[in-house]
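Chains, contacts and geometry: an overview
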Amino acid sequence: MPEPYRRDRDRDRNRGRDSRRPGARPRAQGTGRGRPAAGQRPRGRRAGPSLKPGRAARIAVCLTSALVMLTSGVGWCAYHWLDRGVNTSSALDALRDGAPPGRDGAVNLLLIGLDSRKDMNGNDLPKEFVQDELHAGSSDIGGYNTNTLILMHIPPGGGKVTAFSIPRDDYVEIAGGRGEHKIKEAYGIAKAEAEEKLSAQGVKGAELEHRGREAGREATLATVQHFLGVPIDHFAELNLLGFYDIAKVVQPVPVCLKHPVRDRYSGADFPAGPQQLDARQALSFVRQRHGLAGGDLDRTHRQQAFLSSVTHKLQEQGVWSDFGKLQGLFDVIKKDVVIDNRWNILDFARQAPNLTGGNAEFHTLPIEGFATRKGEAVNLVDPAKVKSLVQAMTGPKAEKKDTPAVGDAKPGGAKPGGDAKPGGSDPVSSDSFQGPPVKMGGVPCVD
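Attention in this report is confined to the structure presented alongside it. (Residues numbered from 1 in each chain as written. Predicted model: local features only at pLDDT ≥ 70, side-chain atom pairs only at ≥ 80, totals over all residues. Heavy atoms only, no water.)

In terms of regular secondary structure, the protein is built from 14 helices and 17 strands. Relative to its full complement of 447 residues, the protein shows a buried share of 50%. Of the contacts made within the protein by residues no fewer than 6 positions apart, 71% connect residues no fewer than 24 positions apart. In the form shown here, the protein has an accessible surface area of approximately 21,100 Å², with 51% of it arising from carbon and sulfur atoms. (Helix = DSSP H or I, 4+ residues; strand = E, 2+ residues; numbered from the N terminus. Buried < 20%, exposed > 50% of the residue type's maximum accessible area, 1.4 Å probe, protein only. Contact = heavy atoms within 4.5 Å. Areas by Shrake-Rupley, 256 points an atom, 1.4 Å probe, with all protein chains shown as cover.)

Spelled out as structure tokens, the structure:
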């Protein structure tokens, strides 16, 4: 194992080691947004005491932007610094023409958590790091399942942000005529199909991995878009290492548990009540499902609580309005995160007051029960109900009507939550979802 990884745990308090963590990779040509490899700008700059007029103008703009940083997010300089190195994907392009109609000005952002123990080029992360730091078993397991799928609906002009977590074992129709599978498997199934064809054409190595992942992203996005019945405007993908890296920047992360837990599979070993977690513990916190009454569904609430706690801490520390503090977070984004090629990530940062100020809420989409399909335990779902709930929560509000709210008891004993009106014409009861909502803006206490 390379020496830097062997020393990783012994130097845990040395923040300067982050650039040598497993998964760090040399910047590949052409990975920046809109920069083909053949035309990439040289890294070096010509020496000389004088400034060209264009460069002097850019410095002036940077200095000016610093004066308005508190009101405009992180400014012009931060935008161009981040924009030059972020990993982007064109997977959404194939979905845009056939997307369901959306609300003008609203943005639907899909967060994808990829349960992969590999780096961006498909190489295994060191076994010791995966086992000891990530507590995630072997580098050979996990595959390319999307164990976290969260759609965030940001209304036009600000306002309350509504997020929907999709349980990973929901049994749905996978896009591309691939039949019914767990929704988390769409990525891996499409990736394997694409790589089989590409390998036959002689494609190999990092290029094979990149193109296979693009096929996986496209299948995941198309499946979620069809399942929820709303357009996906942007997405961000993060793997296990990226989660760990972000937690390293933010740690200690405040969380709260209603009950003490101990789980040898995830490494979770926490008392009840508020507590502060380091990066290793934070990963255990969001990965635990054994020993929880709701299993995977309770783990979904853990993920929601973690996002709320992290954004709350960033707000409390003034990170969103301080480019210096944001730089560490952006370094992780540029190394570990993939976003769509049309998304200005700093626009999302400007939504931070809504996300951290209590004006955002997570819901877990409902399931109808459990079953075994193709030898696997799955969640049974009602796609029509799921679509109507999401559309009711994200559509424009209408005038009040003398009709029962979604989730209220209906004459004849109709099941609650089964008749949400598309377009947001009726309010939606929290009972229509799986468990209570998790509100952002603080440190929620969860199971």
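Following the structure, the description resumes.
This part takes up the pairing of strand β2 (residues 107-115). Counting buried residues along β2, seven of its nine residues qualify, which places the element largely inside the surrounding structure. Sheet topology note: the β2/strand β3 (residues 145-154) ladder contains nine bridges and is antiparallel. Looking at the pairing, I112 lines up with L149 of β3. As paired elements, β2 and strand β7 (residues 234-239) share six bridges and run parallel to each other. Of the residues in β7, the one forming a bridge with I112 is E237. (Pairing = 2+ DSSP bridges.)

With that settled, the discussion passes to the state of the cysteines. Taken as a whole and judged by the stated rule, the model has one disulfide. Between C256 and C445 runs a disulfide, and the two sulfur atoms are separated by 2.1 Å. An S-S torsion of about -60° defines the bridge between C256 and C445 as left-handed. Residue C256 is located in strand β8 (residues 253-257), and its partner C445 is located in strand β17 (residues 445-446); the two are separated by 189 residues in the primary sequence. (Disulfide = S-S within 2.5 Å.)

Quick look at the sheet that holds strand β11 (residues 273-277) now. Read across the sheet, three strands follow the order β11-β8-β17 without closing on themselves; strand pairing throughout is mixed. Here the strands that pair on one side only, and so sit at the sheet edges, are β11 and β17. Examined bridge by bridge, β8 and β17 share two bridges and lie parallel to one another. Within β17, the position partnered with L257 by the bridge is V446. Contacts between helix α10 (residues 296-316) and the sheet are confined to β8 and β17, with β8 contributing the most and set at about 140° to the helix. (Axes fitted to C-alpha atoms, helices over the stretch in contact; angles between N-to-C directions.)

Attention shifts here to the packing of aromatic side chains. To describe a pair of aromatic rings, you give the distance between the ring centres and the angle between the ring planes. Summed over all chains, the structure comprises three aromatic pairs. Measuring from centroid to centroid gives 6.2 Å for Y144 and Y187, while their planes differ by 5°, and the two rings are stacked. You can see Y144 sitting in the loop between α5 (127-133) and β3 and its partner Y187 sitting in helix α6 (residues 186-200), a full 43 residues away along the chain. Each member of the pair, Y144 as well as Y187, is classed as buried. With a centroid separation of 4.8 Å and 40° between ring planes, the pair formed by F243 and F306 is classed as tilted. Here the residue F243 occupies a position in helix α8 (residues 240-250), and F306 occupies one in helix α10, the gap between them amounting to 63 residues. (Phe/Tyr/Trp six-rings, centres within 6.5 Å; stacked < 30°, edge-to-face > 60°.)

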